[in-house]
Amino acid sequence: EANLSRYRTLLKNRLRDTTVTKKRFVRPGGEASQSGPLKAAKAAASLGSGFGGSVAAFGQNMLDAKEKAKAFDVLDRSKGPPITETAAVRTMLFELFSKKQFWSAKEIKFASGGRLPDREMRDALRLIATYHKNGENRNMWELKAEFKSASAKN
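Residues numbered from 1 in each chain as written. Predicted model: local features only at pLDDT ≥ 70, side-chain atom pairs only at ≥ 80, totals over all residues. Heavy atoms only, no water.

Engineer: Can you explain a nonpolar patch on the surface? Please cite residues and give values.
Structural biologist: Together, Leu4, Tyr7, Leu10 and Leu11 line one region of the surface with nonpolar side chains, adding up to about 350 Å² of accessible area. Examined against the element boundaries, Leu10 turns out to sit in helix H1 (residues 2-17). Residue Leu10 is classed as partly exposed on the basis of its relative accessible area of 40%. (Patch = residues over 30% accessible without salt bridge, like charges linked within 9 Å, V, L, I, M, F, W, Y side chains within 5 Å. Areas by Shrake-Rupley, 256 points an atom, 1.4 Å probe, with all protein chains shown as cover. Salt bridge = Lys/Arg side-chain N within 4 Å of Asp/Glu carboxyl O. Helix = DSSP H or I, 4+ residues; strand = E, 2+ residues; numbered from the N terminus. Buried < 20%, exposed > 50% of the residue type's maximum accessible area, 1.4 Å probe, protein only.)

Right, here's the structure in full:
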């Protein structure tokens, strides 16, 4: 009997601690269940711990990524065919590097709307950009000096 009540309490606490967002939370049943502002405050306080905190953090990261993507609004995000021609890939990369000096491969892929296939993008990057393996701009690509001067003249 004591183990059963401890087990029920454990399950209720797990449900209470599992949150999806700051505004939405699971409400366990029973006579002793809380409601109202006290429950919301407990749910918000438990946001940083456990599985629910991970889900909430992932959701927040996705929202932050959407906001960050607005800064890279360089290209049309409409679904189109993949860009596989070398000249078109290079043109797109030059356009992106004109907006920002350092880019990660993931940011380039995201800014292109997913239209650049990985192989073609990396092949073109090896020809026109330098990959930084360490330092402040680790794992980032930077346009080579000869292409910077050529793009600055135009």
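Engineer: Lay out helix H6 (residues 118-128) with the relevant residues and their values.
Structural biologist: Of all the positions in H6, only Met121, Ala124, Leu125 and Ile128 are classed as buried. With its buried residues spanning 105° around the axis, H6 presents them on a single face. Exposed residues pointing more than 90 degrees away from the buried face of H6 are listed as Arg119 and Arg126. (Arc of directions from axis to C-beta.)

Engineer: How would you sum up the packing of helix H4 (residues 86-99) against H6? Please name residues and give values.
Structural biologist: Between two packed helices, both the angle of their axes relative to each other and the distance between the axes serve to describe the pair. Interhelical geometry of H4 versus H6 gives an angle of 65° and a closest axis separation of 10 Å. Every pair of crossing elements has a handedness; the one defined by H4 and H6 is right-handed. Here Val89, Arg90, Leu93, Phe94 and Phe97 of H4 come into contact with H6, specifically with Glu120, Met121, Ala124, Leu125, Leu127 and Ile128. Split by residue class, the contact of H4 with H6 holds nine nonpolar, no polar and two charged. (Axes fitted to C-alpha atoms, helices over the stretch in contact; angles between N-to-C directions. Left-handed = near helix turned anticlockwise from the far one by under 90°. Contact = heavy atoms within 4.5 Å. Nonpolar A, V, L, I, M, F, W, Y, C, P; charged D, E, K, R; others polar.)

Engineer: Talk me through the side chain of Ser104; I want residue IDs and the actual numbers.
Structural biologist: In this fold, Ser104 is placed in the loop between strand E1 (102-103) and helix H5 (105-111). Relative accessible area serves as the criterion here: at 15%, Ser104 is assigned to the buried category. Setting aside its immediate chain neighbours within four residues, Ser104 contacts Asn139 and Met140.

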